[in-house]
Amino acid sequence: MSLKSLVRRSLWLTCLYYVIDDRRAARRLARGQLETRSGRRHDALALDQSLGYIDRVYDDYCRYGGVTRFEGRVVEIGPGDNFGVALRLLAGGAREIHAVDRYIPKRDAAAQQRIYEALASRPGFAALFDGPPGEQTIRGLRYHQGTPAETFFHDTPEHYDAIVSRAVLEHLYDPLAALDDMVRALKPGGLMIHRIDLRDHGMFAERHKLTFLTIPSWLYRMMTRASGRPNRVLMPAYRDWLKRSGLDGSLRISRLVGLADEIEPVSLEALDPAMKARAHDAVRAIRPILAAPFRPLDDDSLAASGIVLVARKPDH
Ligand SMILES: C[S@@+](CC[C@H](N)C(=O)[O-])C[C@H]1O[C@@H](n2cnc3c(N)ncnc32)[C@H](O)[C@@H]1O
């Protein structure tokens, strides 16, 4: 048996592996090495799949936000390895995109080049580049690489028309404080759209999907604080944040524990009862061994494994 499969078979050896890996990540960060494999979305995709993904993310932002386009100054948090969504935002009417990323997701230069060339061939897109198509030549893009969202929004003196993210807030070390700072950084009438993946990101791939919620907090912190692994801030924390923020907004469910496919985001009340029952069964199977912070949560709160948070700052 290989060392890897031996480690995988033991929950505690798996945790130890993540503690060691997190220490390594901390040392890399301290040395200023920001490269990461997280966010390498396009490496494994063929060109048409990459373009499809970019279009889907952009269309989702428009649909979730109830808008047909974005204007003014937009922040995209954690864009990953490609700025295709930024290009769609610019082509739709945004003036400036601020791409904020704590790390530098590794890129496959040739695959990236093909994506930018394909996007540049779309009507109106060539003018978005200041020279040959590529991430260095996108007009109106400012890449804040190596800047955590938490720091960016805390420090920025600017105000933004929109802030968007997908599969990012679960990696922030303090997403709720960052949301408070985002509200301050939004212009009156500004819009925030965050799609948040509450799953374990493959940490305990062959076990129950909520195994990561059984790890005691002190140990989980040691496994995750530098590496950006999921922060275990779950749906109720975002729901309570939205309530106390005083913003107009919604929180919808886009995934349920125990169900393989994502769903069109709906409110908790509008969830299909059969799906909800299956998710509750999955939650109950692991409830007896949950770590202390998760034991008081009801089945609905633990069943939501993906959410979409949308909020608009009042106009006055
Ligand atoms: C799973 S990837 C998602 C990439 C892209 N949004 C997508 O949907 O394909 C997470 C991204 O968030 C970035 N990230 C992680 N922690 C962050 C933080 N604290 N502040 C800003 N970006 C962060 C990662 O470097 C990566 O680019």
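Scroll up a little and you will see the structure.
Everything in this summary refers to the structure shown in the same document. (Residues numbered from 1 in each chain as written. Predicted model: local features only at pLDDT ≥ 70, side-chain atom pairs only at ≥ 80, totals over all residues. Heavy atoms only, no water.)

## Details of the packing of helix 7 (residues 175-185) against helix 9 (residues 235-245)
Right, on to step 1. The N-to-C vectors of helix 7 and helix 9 enclose an angle of 30 degrees; their axes lie 11 Å apart at closest approach. It follows that helix 7 is roughly parallel to helix 9 by the angle criterion. Crossing hand, helix 7 versus helix 9: right-handed. Facing Pro-175, Leu-176, Leu-179, Asp-180 and Val-183 of helix 7, the residues of helix 9 in contact are Ala-237, Tyr-238, Trp-241 and Arg-244.
Right, on to step 2. Here the residues of the contact of helix 7 with helix 9 sort into seven nonpolar, no polar and two charged. (Axes fitted to C-alpha atoms, helices over the stretch in contact; angles between N-to-C directions. Helix = DSSP H or I, 4+ residues; strand = E, 2+ residues; numbered from the N terminus. Parallel < 35°, antiparallel > 145°, perpendicular 65-115°, else oblique. Left-handed = near helix turned anticlockwise from the far one by under 90°. Contact = heavy atoms within 4.5 Å. Nonpolar A, V, L, I, M, F, W, Y, C, P; charged D, E, K, R; others polar.)

## Topic: unusual backbone geometry
Right, on to step 1. A positive phi angle, near 55 degrees, is found at His-201, a position not held by glycine.
Right, on to step 2. Relative to the helices and strands, His-201 is located in the loop between strand 7 (186-197) and helix 8 (217-224).
Right, on to step 3. The exposure class assigned to His-201 is partly exposed, which follows from its relative accessible area of 36%.
Right, on to step 4. With a phi angle near 65 degrees, Arg-232 is a residue other than glycine that sits in the positive phi range.
Right, on to step 5. Structurally, Arg-232 can be placed in the loop between helix 8 and helix 9. (Buried < 20%, exposed > 50% of the residue type's maximum accessible area, 1.4 Å probe, protein only.)

## Brief notes about the pattern of salt bridges
Opposite charge on two side chains lets them pair, provided their charged atoms get close.
Right, on to step 1. Scanning the entire structure with this criterion turns up 24 salt bridges.
Right, on to step 2. Its salt-bridge partner being Glu-158, residue Arg-73 comes within 3.1 Å of it at the nearest N-O pair. Placement of the pair is Arg-73 in strand 2 (residues 72-77) and Glu-158 in the loop between helix 6 (149-155) and strand 6 (160-166), with a sequence separation of 85 residues.
Right, on to step 3. Relative accessible area serves as the criterion here: at 16%, Arg-73 is assigned to the buried category.
Right, on to step 4. Glu-158 gets classed as partly exposed once you look at its relative accessible area, which sits at 33%. (Salt bridge = Lys/Arg side-chain N within 4 Å of Asp/Glu carboxyl O.)

## Comments concerning the site of the ligand
Right, on to step 1. Neighbouring residues of the ligand: 20 residues in total, closest Arg-41, Tyr-53, Gly-78, Asp-101 and Ala-149.
Right, on to step 2. Backbone polar atom of Gly-78 to a nitrogen atom of the ligand: 2.8 Å apart, as the coordinates give it.
Right, on to step 3. In the complex, the protein chains occlude 95% of the 590 Å² of accessible area that the ligand would expose alone.
Right, on to step 4. Of all elements in the fold, only strand 3 (94-101) and helix 6 reach the threshold of two or more residues within the shell around the ligand.
Right, on to step 5. Taken together, the residues of the shell around the ligand break down into eleven nonpolar, four polar and five charged. (Near = heavy atom within 4 Å. Polar contact = N/O pair within 3.5 Å; in protein donor to acceptor, adjacent residues only side chain to side chain. Areas by Shrake-Rupley, 256 points an atom, 1.4 Å probe, with all protein chains shown as cover.)

## So, the sheet that holds strand 3
Right, on to step 1. In space, the seven strands of this open sheet follow the order 5-3-2-6-7-9-8, with mixed pairing throughout. Each of the sheet's edge strands pairs with one partner strand only, and the pair in question is strand 5 (141-145) and strand 8 (248-256). Averaged over all neighbouring strand pairs, the angle between strand axes comes to 15 degrees, with direction disregarded.
Right, on to step 2. Its contacts with the sheet put helix 3 (residues 47-65) on strand 6, strand 7, strand 8 and strand 9 (304-312), and the angle it makes with strand 6 is roughly 125 degrees.
Right, on to step 3. The sheet contacts of helix 7 involve strand 2, strand 6, strand 7 and strand 9, and relative to strand 7 the element is tilted by about 150 degrees. (Pairing = 2+ DSSP bridges.)

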